[in-house]
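So you can see what is in the structure, the chains are spelled out below.
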Amino acid sequence: MSAALHRRALPEAPARRGWCPGLTRPMPTGDGLLARVHPPLGLLTLDQARAVAEGARRFGNGHLDLTARANLQIRGVSEATRAPLATWLAARGLGDVRADGGPQRLTLTSPLAGHDPDETIDVPALARAIETAGLAIPGLPAKTLVAVEGRPGRVLPEADLCVVAEGPGRVAITVAHGETQRTLLTCAEDAAPGHVAALLGAFARTGRRRMRDLSNSELTALTEALPSGESPAGPAQAHRSFAREWEPARPAGGRHLRSVAVDAPFGRCTADALDRIIAATAALGANEIRLSPTRGFVMLVPATASDAAAAAAALAAEFIVVPDDPRRAIAACTGAPGCASGSTPTLADAARLAEAFGPLAVAGHAAHVSGCAKGCARPGPADLTLVGRDGLYGVVIGGAPGDEPAMDLPIEAVLERLGRAEIDGLSAAFAPEITPSECGRTRRPA
């Protein structure tokens, strides 16, 4: 899609997000407390994964979310079980790493990091060094994110800073500025953690929540925080926009390892389903599970594992296992009744939408079913965005959840109009001037 990256609109105060939850400070939701687990570098040993599944059953309601930052969320935690859950996971190396409100996990990497033949830098080592440097920076906003990409030329996810391979041992450091990324400097790979720390320290002192919100003068001050003698490689330049979703880690082969990738439909699975992922991973001879920003799991298994495809197929009842599944093209939050801000059953409605969205998904279109204007599952725009309000969906074409919808429709009317979209296009199918569903409300012309 070609829509520009939108800034998330803040809804009215009662609907705003609370904080970035962790284990020691979970967040209230409609089904209890939500506790977020931040596995270092998005990696789980099989024992750690078993502990997460058992923790979700023992201390939560058995449901898990997978996030776009490759973290896990345990739902249905109570005031009585929050502390035992935190203790349970901390004993297995999955506890919170800071208590000052800063980011529990600062970096985001590809789930194939360290094993991708196209990488020209040591992504895991660089990410670990940046994580260590970040822990020493007080006042860092909780949502701060540094993406580390080891493959030159790849489109990046939205992040405050990106450290991108330029070639063997060389990286560029880019900063989010408005709707673009700007290259600040290029440097040797081993110098990058120090430069990132200097930039993050200066950013923390601005009081801003995200680097994309820095003014031009604040961005200039940011670059002045670099060590003496360092300066941008020429004037800061805007270049390729952020990707809206990280590139899926699709099944691929290699000389020593092959990847098996599955995604959780709409980022939701059960503890029992995670148990089946663990069993499949162990059966294939792997010893860890990698979380994916596409809200799924990646298993790196020996290239000699001839039954890898069969193992993935066996998970098809609970996970997305093929690249052309239309559910890959649809983002959805928990919605009602699991989220107190939602008034519509977004997960069930997203599943219904997926059945009709296949032809549009094949054509490269994306949809978002959001329970409210916060847009937790997909902050930016989608070709079709449905925003729940008072039991109906506000319809936004080519926009974000915080944008003004053209009309309010029940899900049945959305599906009816979607049937026309393959021929007429989304804008025409959802134009207010066509005969609206009797129970739909037109808000304004498209």
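See above for the structure.
Now for a look at the structure at hand. The model shown is predicted, which means the values in this text are computed figures rather than measured ones.

1. Thoughts on the side chain of R105
Part 1 of the reasoning: Take R105: it is sitting in the loop between helix 2 (82-90) and strand 6 (107-109).
Part 2 of the reasoning: One buried charge, R105, has no salt-bridge partner; the nearest side chain with opposite charge is E131, at 4.8 Å.
Part 3 of the reasoning: For R105, the side chain forms a polar contact with the main-chain oxygen of R69, separated by 3.0 Å.
Part 4 of the reasoning: Residues within four places of R105 in sequence aside, it is in contact with H38, P39, L41, G42, R69, A70, N71, E131 and T144.

2. A closer look at the nonpolar core
Part 1 of the reasoning: Core analysis: the largest hydrophobic core is formed by 54 residues, its most contacted members being I74, L89, I277, F297 and F319.
Part 2 of the reasoning: Broken down by element, the residue count for this core peaks at 7 residues, all from helix 1 (residues 46-59).
Part 3 of the reasoning: Residues within four places of I74 in sequence aside, it is in contact with L33, L34, A35, V37, V52, A56, G60, H63, L64, L85 and L89.
Part 4 of the reasoning: Residues A113, F203, L219 and L222 belong to the second largest nonpolar core, which totals 33 residues.

3. Points about the pairing of strand 7 (residues 146-149)
Part 1 of the reasoning: Burial along strand 7 is two-sided: the face carrying V146 and V148 and the face carrying A147 and E149 are both buried.
Part 2 of the reasoning: Read as a crossover between parallel neighbours, the route from strand 6 over helix 3 (residues 123-135) to strand 7 is left-handed.
Part 3 of the reasoning: Strand direction decides the pairing type here: strand 7 and strand 8 (residues 161-167), joined by 4 bridges, are parallel. Looking at the pairing, V146 lines up with L161 of strand 8.

4. Notes on the packing of aromatic side chains
Each aromatic ring pair is summarised here by two numbers: the centre-to-centre distance and the angle between the ring planes.
Part 1 of the reasoning: Under the defined criterion, the tally for this structure stands at 2 aromatic pairs.
Part 2 of the reasoning: Summarising the aromatic geometry, the rings of F297 and F319 are spaced 6.0 Å apart at their centres and angled 80 degrees between planes, so their arrangement reads as edge-to-face. Of this pair, F297 sits in strand 15 (residues 296-302) while F319 is found in the loop between helix 7 (308-313) and strand 16 (330-332), placing the two residues 22 residues apart along the sequence.
Part 3 of the reasoning: The positively charged end of R58 is found above the aromatic ring belonging to W88, 4.3 Å away from the centroid.
Part 4 of the reasoning: Its end group placed over the ring of W88, R92 keeps NZ or CZ at 3.8 Å from the ring centre.

Basis of the calculations
Residues numbered from 1 in each chain as written. Predicted model: local features only at pLDDT ≥ 70, side-chain atom pairs only at ≥ 80, totals over all residues. Heavy atoms only, no water. Helix = DSSP H or I, 4+ residues; strand = E, 2+ residues; numbered from the N terminus. Buried < 20%, exposed > 50% of the residue type's maximum accessible area, 1.4 Å probe, protein only. Lys, Arg positive; Asp, Glu negative; His and termini not counted. Salt bridge = Lys/Arg side-chain N within 4 Å of Asp/Glu carboxyl O. Polar contact = N/O pair within 3.5 Å; in protein donor to acceptor, adjacent residues only side chain to side chain. Contact = heavy atoms within 4.5 Å. Core = buried A, V, L, I, M, F, W, Y, C linked by side-chain atoms within 4.5 Å. Right-handed = clockwise from strand over helix to strand, strands pointing away. Pairing = 2+ DSSP bridges. Phe/Tyr/Trp six-rings, centres within 6.5 Å; stacked < 30°, edge-to-face > 60°. Lys NZ or Arg CZ within 6 Å of the ring centre and 35° of its normal.

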